[in-house]
Amino acid sequence: MTVGAWKNWLDGLDERDACRLIQKRKESTPSARLGATQDSRQLPLGSVQETLFIAIRGSWHNGHHYLTEAHAMGARFFIIEEDSNLPNLPDSDVLMTPGAVHAWQDFARHWRMECATDTVGITGSNGKTTVKEWLMQLFAKDHNACGSPRSFNSQVGVPLALGDLLPEHDIAFIEAAISAPAEMERHHHSIQPTHGILTHLGNAHLQHFQSKEELIQEKIRLFHGSQWVAMPGHLE
């Protein structure tokens, strides 16, 4: 990601997005690489010039408690949620939104579309990371390929993975995992895969769906609009 892409995304937001830029940085370099994290323990991010910190409220931790720490470690771009106490964050862009993860996913989608890279979305009950690693090795010789780090395939992992995408990449392999209904719609929104791979359908997380058929339909939602999809011959 770049600071320029962040600025372009902000400029494209409207009232329907329910996001407000409540504080603005005075100066920034549009071409600067912008890294993102929701974990203050990962700061500072050594491979980028600027840092976006996403404050997420979770079951065990609240990222808003670490805003001052993130700023002290170099973060100057922030996504925070409504009804949050904003500490002093000098010379920073601060975007307030109803849902920090959704806003982050929207920004990741903007960056993915700006890069315009052929993107293979990979999902399935198991085998996602193995298939991705195989493909990365296969394509490494003749392509500049980007792949999800480790098993970054959750609602947070996917925007992290897309953040590694660069315009010079000619193909990307992005994993997508779900555990409940409606999650794949968010993955599809972010990844916008041009091609797809369904590795396998088992019974993982079936307890959260009304039937195996509902699970199948949720999985293949990732591939809406894809040019082609490789999948097993039988999904029952």
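Here the structure is a predicted model, which is why all the values come from computation and not from measurement.

What about the state of the cysteines?
- Tallying each qualifying case throughout the model produces zero disulfides.
- In this structure Cys146 is not part of a disulfide, and its nearest cysteine sulfur, from Cys115, lies 8.7 Å away.

Focus on the side chain of Thr117
- Tracing the backbone shows Thr117 in the loop between helix H3 (100-115) and strand E6 (118-123).
- What makes Thr117 buried here is its relative accessible area of 2%.

Thoughts on the nonpolar core
- Grouped together as the largest cluster of nonpolar side chains are 44 residues, with contacts concentrated most on Trp6, Leu34, Leu52, Ile54, Ile79, Trp104 and Phe107.
- Of the residues forming this core, the biggest block, eight residues, is contributed by H3.
- Excluding residues within four positions of it along the chain, Leu34 makes contact with Met1, Thr2, Val3, Trp6, Val48, Glu50, Thr51, Leu52, Phe77 and Phe107.
- Ranked by size, the runner-up nonpolar core spans 11 residues in total, among them Phe53, Ala75, Leu89 and Val94.

Points about the sheet that holds strand E9 (residues 195-198)
- The five strands lie next to each other as E7-E8-E6-E9-E10, forming an open sheet whose pairing is parallel. With partners counted over all chains shown, the strands left at the sheet margins are strand E7 (145-147) and strand E10 (228-230), one partner each. Strand-to-strand twist across the sheet, computed as the mean angle between neighbouring axes with direction ignored, equals 15 degrees.
- By the bridge criterion, three bridges tie E9 to E10 in an arrangement that is parallel. Counted as the bridge partner of His195 is Trp228 from E10.

Describing the pattern of salt bridges
- Counting across every chain of the model gives nine salt bridges.
- Across the pair Asp93 and Lys7 runs a salt bridge whose closest N-O atoms are separated by 2.7 Å. Of this pair, Asp93 sits in strand E5 (residues 93-97) while Lys7 sits in helix H1 (residues 3-12); the two residues are 86 residues apart in sequence, bridging distant segments of the chain.
- Here Glu133 ties to Lys132 by a salt bridge, and the two come within 3.2 Å at their closest N and O atoms.

With respect to the sheet that holds E5
- What the five strands build is an open sheet, ordered E1-E5-E4-E3-E2; its pairing is mixed. In the strand order of this sheet, the two ends are held by strand E1 (20-23) and strand E2 (34-37), each with one partner. The mean inter-strand angle of the sheet, taken between neighbouring strand axes irrespective of direction, is 25 degrees.
- Sheet strands touched by H1: E1, E2, strand E3 (50-54), strand E4 (77-81) and E5. Its angle to E5, the strand with the most contacts, is close to 40 degrees.
- Against the sheet, H3 touches E2, E3, E4 and E5, its axis set at about 140 degrees to E4.

Conventions adopted
Numbers given to residues run from 1 along each chain, matching the order in which its sequence is written. Only residues with pLDDT of at least 70 get local features here, since the model is predicted, and only at 80 or more are side-chain atom pairs given and counted; chain-wide, interface and lining totals rely on the full set of residues. Hydrogens and water molecules were not included; the side-chain quantities draw on all heavy atoms of the structure. In plain terms, two cysteine sulfur atoms within 2.5 Å form what is called a disulfide here. Every helix listed is a DSSP run of H or I at least four residues long, and every strand listed is a run of E at least two residues long, numbered separately from the N terminus. Buried, partly exposed and exposed residues are distinguished by accessible area as a fraction of the type maximum, computed with a 1.4 Å probe on protein chains only: under 20%, between the cut-offs, and over 50%, respectively. Only buried residues count toward a nonpolar core. Its members are Ala, Val, Leu, Ile, Met, Phe, Trp, Tyr and Cys residues joined through side-chain atoms within 4.5 Å. Working rule for contacts: check all heavy atoms of both residues, and any pair within 4.5 Å makes them a contact. Pairing between strands is defined by DSSP: at least two bridges between the two strands are required. Each axis is a line fitted through C-alpha atoms, and for a helix only the stretch in contact is used; angles between axes span 0 to 180 degrees, taken between their N-to-C directions. Throughout this description, the term salt bridge denotes a Lys or Arg side-chain nitrogen within 4 Å of a carboxyl oxygen of Asp or Glu.

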